[in-house]
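# Coordinates in review
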Amino acid sequence: MSDSAARDRDAAETESALAHPPVAADRTAAYGSHPDQVIDFYLPGDGRTGAPLVVLLHGGAWRDRYARQHVSPMAGFLARRGFAVASVEYRRGGDPSRQDGGEVAGRWPETFDDVAAALDALPELAAREVPEADLRRTVVTGHSAGGHLALWAAARHVLPEGSPWRLPAPPPLRGVVALAPIADLAVAVELDVCEGAVRQLLGEGAEFEERCAHVDPALLLPTGVATVIVQGTIDLDVPRAVSEAFVDAAAKAGETVGLTLLPGVGHFPLIDPSADACAVVAEELEQLAW
């Protein structure tokens, strides 16, 4: 496929994924006092009890203009498939003093504070808001930057000693399904993924290296948590090389990570309910959850 054809296809896929109207949550609960510290809950559409719980972390390069609403159609799609869904919002954007003329990605350390706090609060909140869910069948998924956060959430027990986000034991998850994740931050920097977003999130020089030790999934291995990556082969936003680097790093650490490559698929069909790729994602979730 030529570069121009790939760009045209990417634009069409993006338009399709973002054209769906937002799907209202059944319930929303706060896990903190900031307006962004909320979780939307979607009840399983078939009314079943004992439904697996999917924790959904949206992407958008950790930037403020991308919020959870753009993955609400996917949340609704998964609910119709019989899942309970918890769609997590978290603080994005950044310190305006760090802006270099573009939009800043992420907040340090607030983005990670929020994801850790949301996952820690989730068992109690989900038991109250979605009693239909079986919390023993919890799977975390996320798209793009949200895929990075999903991998990170499953690796908190292997964070460096002294990290404020470190867990004493593996989180109670059936597994992680990461969708075109920014899974290896060094490779993402090399490829300038999302127009410098990783550097904006983590800083430069010694600051970058120090922070990477706490939040780069490729450095937080092995986790012992079942992990699958779903990746389109013609993704222009987060190229497959980023996922493949993470899979290689896991193998070197003695851990097997599943990699499902979808030929001819770009970045956004993974969260587009009208795309076959989204059904593949649901199947991967089902396999881990059940």
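Everything in this summary refers to the structure shown in the same document. Residue numbers run consecutively from 1 along every chain, following the written order of its sequence. Per-residue local features of the predicted model are confined to residues with pLDDT of at least 70, and side-chain atom pairs are confined, for both listing and counting, to 80 or more; whole-chain, interface and lining totals are unaffected and use all residues. To get the side-chain values, take all heavy atoms of the structure and skip hydrogens and water.

### Digging into the sheet that holds strand β3 (residues 51-57)
Hydrogen bonds between backbone groups are what pair the strands of a sheet, and the pairing can be parallel or antiparallel. The cut-off we apply is this: Pairing between strands requires that DSSP locate at least two bridges from one strand to the other. Working definition: helices are DSSP H or I runs of at least four residues, strands are E runs of at least two. Numbering for both runs from the N terminus. To get an axis, a line is fitted to the C-alpha atoms, and for a helix only the part in contact is used. The angle between two axes follows their N-to-C directions and goes from 0 to 180 degrees.
If you trace the eight strands from one edge of the open sheet to the other, you get β1-β2-β4-β3-β5-β6-β7-β8, paired in mixed fashion. Among the strands making up the open sheet, the edge pair consists of β1 (27-30) and β8 (258-262). In this sheet, neighbouring strand axes are inclined to one another by 20° on average, regardless of whether the strands run parallel or antiparallel. By the bridge criterion, five bridges tie strand β5 (residues 133-143) to strand β6 (residues 175-179) in an arrangement that is parallel.

### Notes on the pattern of salt bridges
Opposite charge on two side chains makes pairing possible when the charged atoms of those side chains draw close. Threshold: Just to be clear on terms, a salt bridge is a Lys or Arg side-chain nitrogen sitting within 4 Å of an Asp or Glu carboxyl oxygen. Under the scheme applied here, a residue whose accessible area is under 20% of the maximum for its type counts as buried, over 50% as exposed, and between as partly exposed, the area being computed with a 1.4 Å probe on protein chains only.
Under the counting rule described, the total for this entry stands at 17 salt bridges. A salt bridge links Arg137 to Asp134; its shortest N-O distance comes to 3.4 Å. Classification of Arg137 by relative accessible area gives partly exposed; the value is 22%. Take Asp134: its relative accessible area is 10%, and that puts it in the buried class. Put simply, Arg240 and Glu244 hold a salt bridge, and the shortest N to O gap is 2.9 Å. Of the two residues, Arg240 and Glu244 are both situated in helix α8 (residues 240-252); the distance of four residues between them amounts to about one turn of the helix. A relative accessible area of 31% means that Arg240 is categorised as partly exposed. Linked through salt bridges whose partners overlap, the residues forming this network are Asp36, Asp40, Asp64, Arg68, Glu89 and Arg92.

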